[in-house]
Amino acid sequence: MTDSYSTNPDINTLMSQMNLAEKVGQLFVLSAHDVVIAKKWIEVKHIGSFINLLGEQTQELQAVASQSVHKIPLLMCIDAVHGHAFWEGATVFPSQLGLSSTWNADLMRQVGEVTAKEMVATGVHWNFSPVLDMARDLRWGRIGETFGEDPLLIQTFAAAMLEGYQGQGLHHPESVLACAKHFLGYSETVGGRDSSEGEHTERKLRGLYLPSFQHLIEQGCLSIMVGYHAIDGTPCTINKWLLTDLMRDELGYKGVFVTDWDNVERLHTEQMVCASIKEAVRLALEAGVDLIMGTEDYTDIVCDLVQTGQLSSDIINAACARVLDIKWQLGLFDERRTTDIADLAPIIRSEQHRELALEAAYQSCVLLKNEERTLPIGDKIRRIAVIGANANDPEAQLGDWVLGTFPFHVGAQPDENITTILDGIQQRAGQSLDVKYLKGCEVDATNVSDPEEVTELAKWADMVILVLGDTLAQNGEMCDRADLDLSAGQLELCQLISDTQTPLVTVLINGKPLSIPEVAQQSDALLEAWNPGAKGGQAVAQILFGDRPPVGRLSISFPYHVGQLPVYYNQLPGWHGTPPKYIDLPNEPLFPFGYGLTYTTFEYTNLRVTEVSDGLKVQVDVANSGEQSGTEVVQVYINDVYTSVTTPVKQLVGYQRVLLAVGECKQVEFHIDKCALQLFTAQGQWEFEAGEFEVMVGGSSSDADLHKQRIYLD
Ligand code: GLC
């Protein structure tokens with residue numbers, strides 16, 4: 001009689017034939033610096049998953065695994081967070097933060113689909129993506145990996161990306177297994193310090209962070225990565241309440257939990273909650289972790305724990321069954337899925353994929369200022385000066401998790417695939433305009449290398465396009481910042497140019513919102529391009545020259561100053577002051593969530609809010625009152641006026657992207673489900689509370705852009 005740890009009889013039969021060491025090997029994801037070591041770990045340690053191995057390496061190792069006793073296929077994983085960017089020549093999309101500025105879920109799905117296709121073509125079937133982290137403290141280094149600050153956008157875009165990765169069914173030849181990360185509340189830790197203490201109550205975890213993971217599980221997500229941080233003193237990696245009681249027992253999660261890179265080791269070396277690695281491994285497995293990203297010697301530790309009665313074999317069997325189930329559902333036992341490395345050229349370098357990268361980069365750009373219609377560049381502009389290091393820096397433009405960054409330090413994405421901002425402007429200008437480039441200063445410089453040269457060039461030009469921002473070294477893991485200002489050199493560069501009175505268009509290439517009040521004031525136009533990916537230069541040029549109008553909107557708020565944090569729009573009420581503000585700062589963010597300009601204007605009239613059987617119907621007329629067609633992102637926010645607990649002064653509950661021709665007027669209608677009007681009570685329940693609701697509709701979260709109506713619901 002075989003023990004049934006799986007609902008799949010074939011898995012149970014397989015497990016009945018496996019010994020302890022073979023089962024333990026399935027619980028580890030190792031990073032092998034080369035195939036020789038990996039082969040040994042498969043043969044000696046029965047390791048079942050590897051990270052950061054690609055292409056032929058995966059074929060070689062799958063062949064070794066197919067020669068092993070039980071022929072269990074390997075699960076290969078990687079971080080393809082904005083395209084399969086660790087593979088040379090693959091399609092590099094904008095960062096997640098850039099993608100979220102498109103407010104276009106279907107685009108997210110398409111990005112997921114292309115990423116999955118290019119991963120599978122190189123033998124990799126598990127993507128440590130999407131990131132569900134919520135941007136709450138901009139000092140944190142990984143803001144660029146998030147879909148911004150809003151729960152609805154994060155949930156919507158993560159689900160769309162999941163659909164792209166595995167929506168055709170895990171077994172589909174072009175599907176990969178998605179991995180929702182980092183569980184739970186990893187992005188809001190003390191001081192924005194990466195992986196430090198998360199001061200979350202259970203109510204906040206359940207009410208703010210858990211819903212997006214619940215939604216992904218309901219949509220079929222079968223792997224979740226556990227965050228490094230601790231919650232209220234207990235590291236997530238050994239938090240049995242979080243992983244087992246809450247997720248498995250209460251919510252019925254059937255997928256696997258994988259630790260982050262070396263979560264287990266850090267329990268012992270950094271969080272100091274385990275006196276030995278052995279204790280850390282035991283506690284992690286007992287808490288509910290299935291796969292450990294660790295080192296090969298952990299396998300002996302686990303076998304010893306079981307053989308000495310310190311760890312139940314049931315835990316090993318249950319975890320092993322879940323891992324084998326995943327491999328089975330992914331179709332890896334079907335050899336074709338593991339050895340058939342496709343002919344890469346038609347996939348990795350496909351024109352269709354590059355066109356999607358361009359479309360994503362274009363839609364991710366957000367126009368933040370455009371005084372006196374500085375943009376689009378008009379016929380009178382014949383001489384353009386492009387200034388700034390980030391105008392011509394592929395690394396800054398592509399962002400994190402790209403070939404050439406950790407852990408793939410060797411190599412880089414080929415320049416012929418990348419259109420820098422300077423390339424894009426030069427290509428678009430062609431022979432008809434005179435374009436000159438000057439770096440002016442390094443991004444992290446304390447001063448401008450040659451102020452006279454900058455001033456002379458700015459005076460020569462009819463327009464300056466100044467490209468500012470930050471660098472890869474200022475973003476990512478363990479790159480938290482206490483200050484969000486631009487470097488002194490960049491500020492001096494902007495001032496020098498502004499002093500010449502030449503029209504100044506500033507383009508931002510940056511991994512997170514920066515405190516740029518001076519640049520915003522001195523620039524006649526300001527375009528946020530984030531890390532726009534390989535086609536960023538072409539996309540920016542299309543907008544600057546007016547080939548296509550900007551359509552992006554902020555998914556994250558910009559502060560005046562780092563001291564203004566937290567600056568997210570859905571603040572809780574109660575701060576004293578009329579209006580509540582720091583005495584030395586404005587009370588609004590520098591640029592609000594949901595904000596973005598186009599080359600036309602929109603007018604909202606005739607807001608109607610009516611109660612319907614299962615919620616609210618919201619209707620509003622939106623007209624294009626400008627001289628160009630344009631896309632408006634109509635946003636609906638709710639304020640539940642009097643509640644049993646403090647609730648956000650406004651919360652996004654719906655949005656629609658609406659294309660309007662000149663003079664066109666459309667009635668835009670929303671159905672807001674009653675469950676979207678619920679709040680998370682002090683008793684930890686989602687409940688609707690009768691009372692007054694304020695419905696706000698407009699083109700950003702700023703009160704200046706919102707039309708409001710109150711309605712009583714019972
Ligand atoms: C890193 C990151 C995580 C990533 C993992 C594997 O430490 O925290 O997001 O998936 O290691 O590269």
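Undergrad: Got a sec to walk through the overall build of the protein? Specific residues and values, please.
TA: Looking only at helices and strands, one finds 22 helices and 26 strands in the protein. Seen along its three principal axes, the alpha-carbon backbone of the protein occupies a region of about 80 × 60 × 45 Å. Taken over 714 residues, the protein has a buried fraction of 60%. When contacts within the protein are restricted to residue pairs at least 6 apart in sequence, long-range pairs at least 24 apart make up 75% of them. For the protein, the computed accessible surface area is about 26,200 Å², with 48% contributed by carbon and sulfur atoms.

Undergrad: So what's going on with the site of the ligand? Which residues, and what values?
TA: Around the ligand sit I51, D79, F128, R142, K181, H182, M225, Y228, D260, W261, W401 and E477, and those are all the residues in its vicinity. Here an oxygen atom of the ligand and a side-chain polar atom of H182 are 2.6 Å apart. Isolated, the ligand exposes 310 Å² of accessible area, and the fraction of that covered by the protein chains is 99%.

Undergrad: Report on the sheet that holds strand β25 (residues 691-698), specifying residues and quantitative values.
TA: Here four strands make up an open sheet; going across it, the order is β21-β20-β25-β26 and the pairing antiparallel. Of all strands in the sheet, those bounded by a partner on one side alone are β21 (651-660) and β26 (706-713). In this sheet, adjacent strand axes meet at a mean angle of 20° when their direction is disregarded. For β25 and β26, the ladder comprises eight bridges, and the chain directions are antiparallel. Among the inter-strand pairings, E692 is bridged to a residue of β26, identified as Y712.

Undergrad: Break down the sheet that holds strand β10 (residues 256-258) for me, citing the residues and quoting the values.
TA: Strands sit in the order β5-β7-β10 across an open sheet of three strands; the sheet is parallel. Looking at which strands have only one partner, the edges of the open sheet turn out to be β5 (180-183) and β10. Between one strand and the next, the sheet's axes are offset by a mean angle of 30°, whatever the strand orientation. As defined by bridge partners, β5 adjoins strand β7 (residues 223-226) across two bridges and the pair is classed as parallel. When the sheet's bridge partners are listed, F183 is paired in β7 with V226. Against the sheet, helix α8 (residues 202-218) touches β5 and β7, its axis set at about 145° to β5.

Undergrad: Run through helix α22 (residues 536-544), naming residues and quoting values.
TA: For α22, the buried fraction is high: eight of the nine residues fall into the buried class. Within the span of α22, buried status applies to G536, G537, A539, V540, A541, Q542, I543 and L544. For α22, the elements touching its buried residues are α16 (351-364), α17 (394-398), α18 (421-429), β15 (463-469), β16 (504-509) and β17 (525-528). The positive-phi residue at the C-terminal boundary of α22 is G546, with phi of around 80°.

Undergrad: How would you sum up the environment of L267? Please name residues and give values.
TA: Take L267: it is sitting in helix α10 (residues 263-269). On the accessibility criterion, L267 (0% relative accessible area) is buried. The sequence separation of L267 and S187 amounts to 80 residues, and the corresponding C-alpha distance is 19 Å. With near-sequence residues (within four places) excluded, L267 lies in contact with P235, T237, I238, M272, V273, C274 and A280.

Undergrad: Let's hear about the pattern of salt bridges: which residues, and what values?
TA: If you walk through the whole model with that rule in mind, you get 29 salt bridges. Here K650 ties to D703 by a salt bridge, and the two come within 2.8 Å at their closest N and O atoms. Within this pair, whereas K650 is found in the loop between β20 (630-640) and β21, its partner D703 is found in the loop between β25 and β26, the two being separated by 53 residues in sequence. The buried category is assigned to K650, whose relative accessible area is 9%. As a salt-bridge pair, E694 and R710 come within 3.5 Å of each other at their nearest N and O atoms. Of the two residues, E694 is situated in strand β25 and R710 in strand β26; the sequence distance between them amounts to 16 residues.

Undergrad: How would you sum up the layout of surface pockets? Please name residues and give values.
TA: Its volume calculated, the largest pocket comes out at about 1,400 Å³. Residue lining of the largest pocket: 42 residues in total, with P151, G207, L208, Q651 and W686 positioned closest to the centre. Those elements that place two or more of their residues in the lining of the largest pocket are α7 (151-166), α8, β20, β21 and β23 (679-680). The greatest single-element share of the lining of the largest pocket, amounting to nine residues, is contributed by α8.

Undergrad: Tell me about the side chain of R136, residues and numbers included.
TA: Tracing the backbone through its elements, the reader meets R136 in the loop between β4 (126-127) and α7. What makes R136 buried here is its relative accessible area of 10%. Within the local environment of R136, its side chain forms a polar contact with the side chain of E188, the two groups lying 3.4 Å apart. Setting aside anything within four residues of it in sequence, one finds R136 in contact with E188, K204, L208, Y209, P566, Y568 and N570.

Rules used throughout
Residues numbered from 1 in each chain as written. Predicted model: local features only at pLDDT ≥ 70, side-chain atom pairs only at ≥ 80, totals over all residues. Heavy atoms only, no water. Helix = DSSP H or I, 4+ residues; strand = E, 2+ residues; numbered from the N terminus. Buried < 20%, exposed > 50% of the residue type's maximum accessible area, 1.4 Å probe, protein only. Contact = heavy atoms within 4.5 Å. Areas by Shrake-Rupley, 256 points an atom, 1.4 Å probe, with all protein chains shown as cover. Near = heavy atom within 4 Å. Polar contact = N/O pair within 3.5 Å; in protein donor to acceptor, adjacent residues only side chain to side chain. Pairing = 2+ DSSP bridges. Axes fitted to C-alpha atoms, helices over the stretch in contact; angles between N-to-C directions. Salt bridge = Lys/Arg side-chain N within 4 Å of Asp/Glu carboxyl O. 1 Å grid on protein atoms, 1.4 Å probe; cavity = no way out; pocket = protein on both sides within 12 Å on 5 of 7 lines; lining within 4 Å. Points joined across faces, edges and corners; volume = space filled by probe spheres on them.

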